[in-house]
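Coordinates in review
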Amino acid sequence: MQDLRITPALLYLDGVSVAFDGFKAINNLSLTLDPGEMRAIIGPNGAGKTTMMDIITGKTRPDEGRVIFQGAHDLTTLDEADIATLGIGRKFQKPTVFESHTVEDNVLLALKGARGVVANLFHTLSGAERDRLDEILALVKLIERRYELAAHLSHGQKQWLEIGMLLAQDPALLLVDEPVAGMTDAETAETAELLRRINATHSVIVVEHDMAFVRDLGVKVTVLHEGSVLAEGSLDQVSANERVVEVYLGR
Amino acid sequence: MSRRPSILTLLGDRGGAVFVGVLLAAAVVVPVLNLAVPPSSPFHVPTHTVVLVGKWLTYALLAVALDLVWGYCGILSLGHGAFFALGGYAMGMYLMRQIGPRGVYAHPVLPDFMVFLNWRELPVAWWGFQHFPYAMLMALAVPGLLAFCLGWFAFRSRVTGVYLSIITQAMTYALMLGFFRNNFGFGGNNGLTDFKDILGFSIQAPGTRAALFAVSALALASGFLIARAIVTSKLGKVLVAIRDAESRTRFLGYKVEHYKLFVFVVSAMMAGLAGALYVPQVGIINPSEFAPANSIEAVIWVAVGGRGTLTGAALGAILVNAAKSWFTGVLPELWLFALGALFVLTTLFLPKGLVGTLLGFWPRRWARSHKPGLSASVAQPAE
Ligand SMILES: Nc1ncnc2c1ncn2[C@@H]1O[C@H](COP(=O)(O)OP(=O)(O)OP(=O)(O)O)[C@@H](O)[C@H]1O
Ligand SMILES: [Mg+2]
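Residues numbered from 1 in each chain as written. Chains lettered and ligands numbered in written order. Predicted model: local features only at pLDDT ≥ 70, side-chain atom pairs only at ≥ 80, totals over all residues. Heavy atoms only, no water.

Attention now moves to the site of ligand 1. Residue and element names in this part refer to chain A. As a matter of local geometry, ligand 1 sits amid 14 residues, with Asn45, Lys49, Thr50, Thr51 and His209 nearest to it. Take Lys49: an N or O atom from its side chain is 2.8 Å from an oxygen atom of ligand 1. Here His209 contributes a side-chain N or O atom positioned 2.8 Å from an oxygen atom of ligand 1. At the level of elements, β2 (23-33) and α1 (49-56) are the ones that each hand at least two residues to the shell around ligand 1. Across the shell around ligand 1, the residue classes break down as five nonpolar, seven polar and two charged. (Near = heavy atom within 4 Å. Polar contact = N/O pair within 3.5 Å; in protein donor to acceptor, adjacent residues only side chain to side chain. Helix = DSSP H or I, 4+ residues; strand = E, 2+ residues; numbered from the N terminus. Nonpolar A, V, L, I, M, F, W, Y, C, P; charged D, E, K, R; others polar.)

Take the coordination of the magnesium ion (ligand 2) next. The protein atoms donating to the magnesium ion (ligand 2) are A:Thr50 (OG1) and A:Gln93 (OE1), with metal-donor distances spanning 1.9 to 2.2 Å. On the criterion of sequence distance, the pair formed by A:Thr50 in helix α1 and A:Gln93 in the loop between β6 (88-91) and α3 (103-110) is long-range, its members being 43 residues apart. (Donors = N, O, S within 2.8 Å, 3.2 Å for Na, K, Ca; no water.)

Next up on the list: the interface of chain A and chain B. Facing the 36 residues of chain A at the interface are 37 residues of chain B. The junction of chain A with chain B conceals about 3400 Å² of combined surface from both sides, 60% of it contributed by carbon and sulfur atoms. Together, A:Phe98, A:Val117 and A:Tyr147 form the three largest contributors to the area buried by chain A at its contact with chain B, with a combined 18%. Where chain A touches chain B, the interface holds five salt bridges. Note that B:Arg158 and A:Glu80 form a salt bridge whose closest N and O atoms lie 2.7 Å from each other. Linking chain A to chain B there are 18 residue pairs in polar contact (both at pLDDT 80 or more). Elements with a minimum of two residues in the side of chain A that touches chain B: α2 (80-86), α3, α4 (117-121) and α6 (155-169) of chain A. Looking at the side of chain A that touches chain B, its residues break down into 15 nonpolar, 11 polar and 10 charged. (Contact = heavy atoms within 4.5 Å. Buried area = accessible area lost by both parts, 1.4 Å probe. Salt bridge = Lys/Arg side-chain N within 4 Å of Asp/Glu carboxyl O.)

A few words on the sheet that holds strand β9 (residues 220-225) of chain A. Residue and element names in this part refer to chain A. If you walk across this open sheet you meet the six strands as β6-β7-β8-β3-β9-β10, and the pairing is mixed. Looking at the sheet topology across the chains shown, the edges are occupied by β6 and β10 (228-233). Sheet twist, expressed as the average angle between the axes of neighbouring strands with direction ignored, equals 20 degrees. Two elements, strand β3 (residues 38-42) and β9, share four bridges in a ladder whose sense is parallel. Looking at β9, one finds that Ala40 is bridged to Val221. (Pairing = 2+ DSSP bridges. Axes fitted to C-alpha atoms, helices over the stretch in contact; angles between N-to-C directions.)

This part is about the confidence of the model for chain B. Residue and element names in this part refer to chain B. Here chain B averages 90 in pLDDT, and 91% of its residues register 70 or above. A low-confidence stretch, residues 1-5 stays under pLDDT 50, and its non-local contacts, those more than four residues away or across chains, total 21 contacts. Low pLDDT, under 50, characterises residues 365-383; the predicted model gives this stretch 46 contacts beyond four residues in sequence or across chains. This complex was scored by the predictor with a pTM of 0.92 and an ipTM of 0.91. (pLDDT = per-residue confidence, 0-100.)

With that settled, the discussion passes to the pattern of salt bridges. Residues and elements named next belong to chain A. Within the structure shown, the criterion is met by 28 salt bridges over all chains. Arg90 is the partner of Asp54 in a salt bridge, and the nearest nitrogen-oxygen pair spans 2.6 Å. Note that Asp54 is positioned in helix α1 and Arg90 in strand β6, a separation of 36 residues in sequence. One exposure class covers both Asp54 and Arg90, and it is buried. (Buried < 20%, exposed > 50% of the residue type's maximum accessible area, 1.4 Å probe, protein only.)

Right, here's the structure in full:
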């Protein structure tokens, strides 16, 4: 059968631009992510990293360009819920969990499954779902605190809870915005390990300023600057790039 | 959590069980004390008390409906009085048509106000209202449909917060202006009144009044259980998630607008039922029931009792109205100031309301199961 897909890439940003009050936050940005790949995105404050994720997840509509997912869906025409249902999950820069829900309920809400009103009115937890909850809570080391309100978690634990929610969603692509901000060195190392494990079965885009963490991940790096790609390659390659040193690393 | 919600899990906690228990008991005991105990006995409950408390029970149902959308989904409706009034008008239209030829003008079909306006025939909107089941269906369907239309546009366009509140307030205000007009066809300024009987029973008879009281108590208990079923389901957790972090909920794949629409419509229908039970007890429905102030008062009841607790909303409605009855007897001109002061004081010193604050002092286990959005499984982790 003929493959009707536009591109074999999992995610393909094609000439995307968006301006806020005349300020071009994203400027003719093109980027390709292969299936199964993990990509690190770095770049100075205001480079447009979070805005790029906003565009991919439907929060922000670009003025120009296309965002093709799995070669078939133009994400710029869909809303947040549709995009999430297609299989794109997101962890926010500022950890956002449901504070008045328990840790367990946070994961439950994220758990892959029907998202409709009626289905959720009559939803009962299946054995498989219960096992999956246990598994994820164990993985993100929150099993002891499962019945506590998410509001009571520390900053680092909220970060992990959000990663757990991402895992529960089981999306094809995970967008992870600054996962180790506010974490200790030990927690940072554990998070890198966790992301590598997640990458075994999922594609990942991770934005991070922590260079030790990015090095630890050991994946291809894209440097964003003023809304477009400044350099791409291994961390050593981009670190050797003069422009990159000038605008970002050498600050 | 894996169990289907049985009646016991819906009661969920002691507070809910006591609440429903008291209502069921009142539905039996109050009519008995009113009808079977002689007035000379200290246990006799006079009819005017039955009617007064029966009216409060319908307010309590309105408060539960409002708490469902505001307390659990963060939709601050300042127009729930409109749904209540529409339900009331549906009942009022049924009651008007029951008068038949016993009106002042003795017209076999047309209510007095239509004869007075020289109308020749019954407007289409009034057709079918001589049938009780149809009128009751309308008492639910009309508020539900209005909520659906308003919610459809507002939630899809992502109107939230204060803008949504203003839209709901404008809705009830517009309806008030409409219903005030004679040519709108619902009795204009005077509204609908002089009712004679309901389902063949005289509306003034103590027996009918006691029965209406009992039905109001049962309706409140049912409304509470339905609301409780909704908020303890996974859908209820989604509602709380929307309340706390709407955009986060979207990124998990939930169509927020569908959830809001569902709960808004259910709530509007519940408010409509409350209005339908209110009208035969007070004997009149007129456009002032649409007054924006009424909707705001309902918000105050919920705030005072404790939003996001359901029982608190109902208790708030009853307590504030009990205070209102007392106040309007003693210092009528000061009531509005007292109500305002009550609202300010609650907001400042009891932000969780009476019930919400009480729960804070209660043993943890009970309090936990009571917090909005917490699963019933929290109270019974081992299964
Ligand atoms: N909704 C918005 N309205 C106006 N300006 C915006 C909006 N979102 C982002 N911007 C601007 O776009 C630019 C890019 O912001 P963005 O948050 O994407 O940067 P970033 O690369 O994530 O930076 P950081 O490393 O600090 O998180 C910034 O100048 C920001 O102020
Ligand atoms: Mg950012």
